[in-house]
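Close look at the chain arrangement
Spelled out from the first residue to the last, the chains are:
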Amino acid sequence: MVHEKNPFVSIVIPLYNERDSVLPLFKELQEAIRGLPSYEIIYVDDGSNDGTLESLKELQGVGILSFVRNHGKSKALEAGFAEARGTYIVTLDGDLQDDPHEIPKFIAALEAGSDLVTGWKVHRKDPFEKRFVSKIANGMARMLAGSSVHDMNCGFKGYRAEVAKGIEFFGDMHRYIPAVVLHQGYRVSEIPINHRERKFGRSKYGMWRLFAGFFDLITLLFVRRFFDRPMHFFGLGGLAIGALGTLILIYLSWLRLVDGLTIGN
Ligand code: UDP
Ligand code: MG
């Protein structure tokens, strides 16, 4: 880490049980970002129980945040963003699947005026079922959340710091960051990146977690479309139910007043 008050770039890396990737990733990173004017590396250990934190503590000149228990990638990113002091923030996965040599490309795109640059795993090195579910999720997110990004959930992203720090995280919404940022009116671009197979450890996002991600998409839709004006959503249902109630009341009043029936029965 180059020690400076405000580094040019903060690299934020979330890790959950990635012990064996820690050292090789650090070595690769150092080599890949040598050319940057200044940087800091912030690792966020998301409650690992495989010795990831211990491995991180062996590294020199890096920042480490750690959770006592697993809170999920969204919370890990949020914590990293809060601590980051760079002009730009770059995130990448801690499992060696994202190639650190791509980092300068993200910086170049940010310098060219993007507020968020998101990676696109053009040749994704993941099992078929994952690619499949992810295609559907991306398609839905594109349609519903109104974004043109191919690969929303790519862990490799570059941000202008204030954009990253302004994101409100809930659930596993890190999957939809480009949609959220786009909705805020920022400029979002995407760049193809080199994606690699997982070498060590296991994926934390199987089919179920991907599926659960749809619920976060629905939440997101509410946030996007109805947050500022909840009556646009709840109002219609309320109006319909209210109207039905009124009709029933008029009918019952009619029975009582005109036909003279006891309506208690
Ligand atoms: N991760 C995390 N907290 C979690 C799950 C995952 O910090 O609860 C990290 C994980 O260690 C990795 C990145 O998020 O660095 C992406 O996770 P993973 O590689 O398991 O996802 P995949 O690449 O299989 O979609
Ligand atoms: Mg991975």
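So, a few notes on the structure that sits alongside this text. (Residues numbered from 1 in each chain as written. Chains lettered and ligands numbered in written order. Predicted model: local features only at pLDDT ≥ 70, side-chain atom pairs only at ≥ 80, totals over all residues. Heavy atoms only, no water.)

Moving on: the site of ligand 1. Inspection of the region around ligand 1 gives 19 residues, with Glu18, Asp46, Lys130, Ser203 and Lys204 positioned closest. Between ligand 1 and Pro14 there is a distance of 2.9 Å, counted from an oxygen atom to a backbone nitrogen or oxygen. For ligand 1, the protein covers 96% of the area, taking 530 Å² as the surface of the free molecule. A majority-of-atoms criterion places ligand 1 in the largest cavity. Taken together, the residues of the shell around ligand 1 sort by class into 4 nonpolar, 5 polar and 10 charged. (Near = heavy atom within 4 Å. Polar contact = N/O pair within 3.5 Å; in protein donor to acceptor, adjacent residues only side chain to side chain. Areas by Shrake-Rupley, 256 points an atom, 1.4 Å probe, with all protein chains shown as cover. 1 Å grid on protein atoms, 1.4 Å probe; cavity = no way out; pocket = protein on both sides within 12 Å on 5 of 7 lines; lining within 4 Å. Sits in = over half its atoms within 2 Å of the grid points. Nonpolar A, V, L, I, M, F, W, Y, C, P; charged D, E, K, R; others polar.)

What follows concerns the sheet that holds strand 4 (residues 88-91). Taking strand neighbours across the sheet as the criterion, the 7 strands line up as 3-2-1-4-6-5-7 in an open arrangement whose pairing is mixed. Looking at strand neighbours, the two that pair on one side only are strand 3 (63-66) and strand 7 (188-193), the edges of this open sheet. Neighbour to neighbour, the strand axes of the sheet diverge by 20° on average, direction disregarded. With 4 bridges connecting them, strand 4 and strand 6 (residues 157-160) associate as antiparallel partners. Its bridge partner being in strand 6, Val90 is matched across the sheet by Gly158. Contacting strand 1 (9-15), strand 4, strand 5 (116-121), strand 6 and strand 7, helix 4 (residues 103-111) crosses the sheet at an angle of about 140° to strand 5. (Pairing = 2+ DSSP bridges. Helix = DSSP H or I, 4+ residues; strand = E, 2+ residues; numbered from the N terminus. Axes fitted to C-alpha atoms, helices over the stretch in contact; angles between N-to-C directions. Contact = heavy atoms within 4.5 Å.)

Moving on, we come to the layout of surface pockets. A water-sized probe rolled over the atoms picks out the places where empty space is left. Approximately 250 Å³ is the volume attributed to the second largest pocket. Among the secondary structure elements, those contributing two or more residues to the lining of the second largest pocket are strand 5 and helix 5 (128-145). A breakdown of the residues in the lining of the second largest pocket according to their chemical character gives 2 nonpolar, 4 polar and 6 charged. (Points joined across faces, edges and corners; volume = space filled by probe spheres on them.)

Right, let's talk about the coordination of the magnesium ion (ligand 2) for a bit. The magnesium ion (ligand 2) binds to the protein through Asp95 (OD) and Gln97 (OE1); the donor distances cover 2.0 Å. Each member of the pair, Asp95 as well as Gln97, carries the same accessibility label: buried. (Donors = N, O, S within 2.8 Å, 3.2 Å for Na, K, Ca; no water. Buried < 20%, exposed > 50% of the residue type's maximum accessible area, 1.4 Å probe, protein only.)

Okay, the side chain of Asn17 next. Structurally, Asn17 is set in the loop between strand 1 and helix 1 (19-32). The exposure class assigned to Asn17 is buried, which follows from its relative accessible area of 18%. Of note is the side chain of Asn17, whose polar atom sits 2.7 Å from the backbone nitrogen of Asn49. Once residues lying within four places of it in the same chain are set aside, the contact partners of Asn17 are Ser48, Asn49, Asp50, Thr52 and Lys204.

By size, the foremost hydrophobic cluster in this structure holds 31 residues, and its most contacted members are Ile11, Ile13, Ile41, Tyr43 and Ile103. Secondary-structure elements contributing two or more residues to this core are strand 1, helix 1, strand 2 (39-45), strand 4, helix 4 and strand 7. Looking at which element gives the most residues to this core, the answer is helix 4, with 5 residues. Setting aside residues up to four positions removed in sequence, Ile13 forms contacts with Leu25, Leu29, Ile41, Ile42, Tyr43, Val44, Leu92, Asp93 and Gly94. By size, the runner-up hydrophobic cluster in this structure holds 29 residues, among which are Ala84, Met152, Ile167 and Ile177. (Core = buried A, V, L, I, M, F, W, Y, C linked by side-chain atoms within 4.5 Å.)

Compared with an ideal rise of 1.5 Å per residue, which puts 18 residues at 26 Å, helix 5 spans 25 Å between its outermost C-alpha atoms and is within 8% of the ideal. Within helix 5, the full set of buried residues consists of Lys130, Val133, Ser134, Ala137, Asn138, Ala141 and Ala145. Looking straight down helix 5, one finds its buried side chains confined to an arc of 140°; they lie on one side. Opposite the buried face of helix 5, by more than 90 degrees, sit the exposed residues Phe128, Lys135 and Met143. A positive phi of about 65° marks Gly146, the residue just after helix 5. (Expected span 1.5 Å × (residues − 1). Arc of directions from axis to C-beta.)

Taken residue by residue, helix 3 (residues 73-83) has Lys73, Ser74, Ala76, Leu77, Ala79, Gly80 and Phe81 as its buried positions. Tucked into the core, helix 3 has its buried residues touching strand 1, strand 2, strand 3, strand 4, strand 6 and helix 6 (161-165).

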